[in-house]
Amino acid sequence: MNDTRPSAAPGGEALLFLTDEQLRKGIEAMFFAYRGFTADPDRILEDKAYGRAHHRAIHFISRSPGTTVNNLLSILGVTKQSLNRVLRTLIEDGLVESRVGRRDKRERHLVLTEVGEALERELSDAQRTRMRAAYREAGPEAVQGFRSVLEAMMDPELRRHFNQLKEAQDG
């Protein structure tokens, strides 16, 4: 069980077995990396009395302008009440516009305003700077490996959303 040697699997693929200690170190690294990854945006958001929920909403509205409230609920995995609180603040503060759907008047489509786009850029720039530095330090092979690990850790529903965003960017 604690064998770290690759083992041949059916089909000729090598499997990697990690010790509990190696996995624990990986888990701890994820916690500390996440703390670093969110530190810069947290400082920016604190000045505006926003939190991470606001950041996530702004990020995904930016990535998919016109997304519906229901789609955002699905992506973020939060309660409707929680998302409504966040959206109400962002709309009242002039960062997000909620537009009635053209085909279905019950739908609300969300887009960032110019002010919302400026905040999203500031937050994303801070995170891109940190990611770029980490990727440079780790090297190109590590970048692809890291992305593969992250994608493999996603729940299937979240991977579907991730792939949709990736396809929208590529297409």
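Residues numbered from 1 in each chain as written. Predicted model: local features only at pLDDT ≥ 70, side-chain atom pairs only at ≥ 80, totals over all residues. Heavy atoms only, no water.

A few points about the layout of surface pockets
Each pocket or cavity is described by its volume, and for the second largest pocket that value is around 220 Å³. Surrounding the second largest pocket, Gly66, Arg99, Val100, Gly101, Arg102, Arg103, Glu107, His109 and Val111 form its lining. Counted by class, the lining of the second largest pocket contains two nonpolar, three polar and four charged residues. (1 Å grid on protein atoms, 1.4 Å probe; cavity = no way out; pocket = protein on both sides within 12 Å on 5 of 7 lines; lining within 4 Å. Points joined across faces, edges and corners; volume = space filled by probe spheres on them. Nonpolar A, V, L, I, M, F, W, Y, C, P; charged D, E, K, R; others polar.)

Thoughts on the environment of Arg132
Mapping Arg132 onto the fold places it in helix α5 (residues 114–138). With a relative accessible area of 40%, Arg132 lands in the partly exposed category. Expressed as a C-alpha distance, the spacing of Arg132 and Leu18, which sit 114 residues apart in the sequence, is 28 Å. (Helix = DSSP H or I, 4+ residues; strand = E, 2+ residues; numbered from the N terminus. Buried < 20%, exposed > 50% of the residue type's maximum accessible area, 1.4 Å probe, protein only.)

Considerations on the packing of aromatic side chains
If you walk through the whole model with that rule in mind, you get one aromatic pair. Both rings, one in Tyr135 and one in Phe146, keep their centres 6.5 Å apart while their planes meet at 70 degrees; by these two values the pair is edge-to-face. One end of the pair, Tyr135, is in helix α5; the other, Phe146, is in helix α6 (residues 140–153), with eleven residues separating them in the sequence. (Phe/Tyr/Trp six-rings, centres within 6.5 Å; stacked < 30°, edge-to-face > 60°.)

Focus: α5
Spanning 25 residues, α5 covers 35 Å between terminal C-alpha atoms, matching the ideal 36 Å at 1.5 Å per step. When we look at burial in α5, the residues that qualify are Gly116, Leu119, Glu120, Leu123, Ser124, Ala126 and Gln127. Buried residues belonging to α5 abut α1 (20–47), α2 (52–63) and β5 (108–112). Gly139 lies just past α5 and shows a positive phi near 95 degrees. (Expected span 1.5 Å × (residues − 1). Contact = heavy atoms within 4.5 Å.)

Some thoughts on the sheet that holds strand β3 (residues 67–68)
Reading across the sheet, the three strands line up as β3-β5-β4 and stay open at both edges, with antiparallel pairing between neighbours. What marks the edges here is a single partner per strand, and that holds for β3 and β4 (96–100). Across five bridges, β4 lies against β5 in antiparallel orientation. What sits directly across from Val96, in β5, is Leu112. Docked against the sheet, α2 engages β3, β4 and β5, running at close to 95 degrees with respect to β5. (Pairing = 2+ DSSP bridges. Axes fitted to C-alpha atoms, helices over the stretch in contact; angles between N-to-C directions.)

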